[in-house]
Amino acid sequence: DQQVKQNSPSLSVQEGRISILNCDYTNSMFDYFLWYKKYPAEGPTFLISISSIKDKNEDGRFTVFLNKSAKHLSLHIVPSQPGDSAVYFCAASEGETSGSRLTFGEGTQLTVNP
Amino acid sequence: DSGVTQTPKHLITATGQRVTLRCSPRSGDLSVYWYQQSLDQGLQFLIQYYNGEERAKGNILERFSAQQFPDLHSELNLSSLELGDSALYFCASSVNYGYTFGSGTRLTVV
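Attention here is on the structure that accompanies the text. (Residues numbered from 1 in each chain as written. Chains lettered and ligands numbered in written order. Predicted model: local features only at pLDDT ≥ 70, side-chain atom pairs only at ≥ 80, totals over all residues. Heavy atoms only, no water.)

1. Some thoughts on the sheet that holds strand β1 (residues 4–5) of chain A
All names here are of chain A.
(1) Moving on: In space, the 5 strands of this open sheet follow the order β1-β3-β8-β7-β6, with antiparallel pairing throughout. With one partner strand each, in any of the chains shown, β1 and β6 (56–59) form the two edges of the open sheet.
(2) Moving on: With 4 bridges joining them, β6 and strand β7 (residues 62–67) adopt antiparallel strand pairing. Opposite Asp59, over in β7, you have Phe62 as the bridge partner. (Pairing = 2+ DSSP bridges. Helix = DSSP H or I, 4+ residues; strand = E, 2+ residues; numbered from the N terminus.)

2. Some thoughts on the sheet that holds strand β8 (residues 74–78) of chain B
Residues and elements named next belong to chain B.
(1) Moving on: The strand order across the open sheet formed by 4 strands is β1-β3-β8-β7, and the pairing between neighbours is antiparallel. Pairing within the sheet leaves two strands with one partner each, and these edge strands are β1 (5–7) and β7 (64–68). Strand-to-strand twist in this sheet, taken as the mean axis angle between neighbours without regard to direction, amounts to 15 degrees.
(2) Moving on: In terms of strand pairing, β1 meets strand β3 (residues 19–24) through 3 bridges, oriented antiparallel. Counted as the bridge partner of Thr7 is Arg22 from β3. (Axes fitted to C-alpha atoms, helices over the stretch in contact; angles between N-to-C directions.)

3. Topic: the environment of A:Ser8
Residue and element names in this part refer to chain A.
(1) Moving on: Position of Ser8 among the secondary structure elements: in the loop between β1 and β2 (10–14).
(2) Moving on: Taking the C-alpha atoms as reference, Ser8 lies 22 Å from Ala41; in sequence the two are 33 residues apart.
(3) Moving on: When neighbours within four sequence positions are excluded, Ser8 is seen to be in contact with Gly107 and Thr108. (Contact = heavy atoms within 4.5 Å.)

4. Considerations on the nonpolar core
All names here are of chain A.
(1) Moving on: Counting 23 residues, the largest nonpolar core has Phe33, Trp35, Leu73, Leu75 and Tyr88 as its most contacted members.
(2) Moving on: For this core, the secondary-structure elements that each account for two or more residues are β3 (19–25), β4 (32–38), β5 (45–51), β7, β8 (72–77), β9 (86–93) and β11 (108–113).
(3) Moving on: Residue contributions to this core peak at 4 residues, all from β9.
(4) Moving on: Setting aside its immediate chain neighbours within four residues, Leu73 contacts Leu21, Asn22, Cys23, Tyr25, Phe33, Trp35, Val64, Phe65, Leu66 and Cys90. (Core = buried A, V, L, I, M, F, W, Y, C linked by side-chain atoms within 4.5 Å. Buried < 20%, exposed > 50% of the residue type's maximum accessible area, 1.4 Å probe, protein only.)

5. A few points about the packing of aromatic side chains
The geometry of an aromatic ring pair comes down to the distance between the two centres and the angle between the two planes.
Residues and elements named next belong to chain B.
(1) Moving on: A complete count under the given rule lists 15 aromatic pairs over all chains for this structure.
(2) Moving on: Considering the side-chain rings of Phe90 and Phe101, the 6.2 Å spacing of their centres and the 90 degrees angle between planes classify their relative orientation as edge-to-face. Linking Phe90 in strand β9 (residues 87–94) with Phe101 in strand β10 (residues 100–101), this pair joins segments that are 11 residues apart in sequence.
(3) Moving on: Judged by relative accessible area, Phe90 falls into the buried class, the value being 0%.
(4) Moving on: Classification of Phe101 as buried rests on a relative accessible area of 3%.
(5) Moving on: Between Arg55 and the ring centre of Tyr50, over which it is positioned, the NZ or CZ distance is 4.4 Å. (Phe/Tyr/Trp six-rings, centres within 6.5 Å; stacked < 30°, edge-to-face > 60°. Lys NZ or Arg CZ within 6 Å of the ring centre and 35° of its normal.)

Here is the structure:
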């Protein structure tokens, strides 16, 4: 039972354009959502998060949008840069307190072309 | 350097063998999580330890086991290895919130 799904295995965009990565979840108990970025031969690194009490969180070029009714979240990267090329994982948890385990999606490989 | 150390980085072993993967969490982090990433798969949660005690179990096979020691480092033991166990194994640690991942151990079973 895949509770967090990223339906696009890959996405290719031009440098300077917007990248939009999507994520859907099925567990209505999830109330904290995160995006992680992973380069080859490295572990995932935290990028941005959002609590279910918000519908948008912004950090520089990265914005995460949450649509609770649709159980959908998206990550927008504007403008996209070649260094953003990586695998992006969406993750969710029930609660943001210590010990809450994360459920990850399958990941989306983003390629930003110069 | 994330502060989470995993050893070894690479491991090649034969089917039927047993291996131990080691993880040292960030200083002060009490929770350790183990995840498996197989080819074209997401990160599958295996098991979580908190301050030495097992806290949660995911899709961990009976051939796999883990423990967390008093110094908070953790070991993941994989036995009777099969070709399908070839994967990246990640350890993560956390204290208040937010996972910090290690760089992983790539296990190849031949």
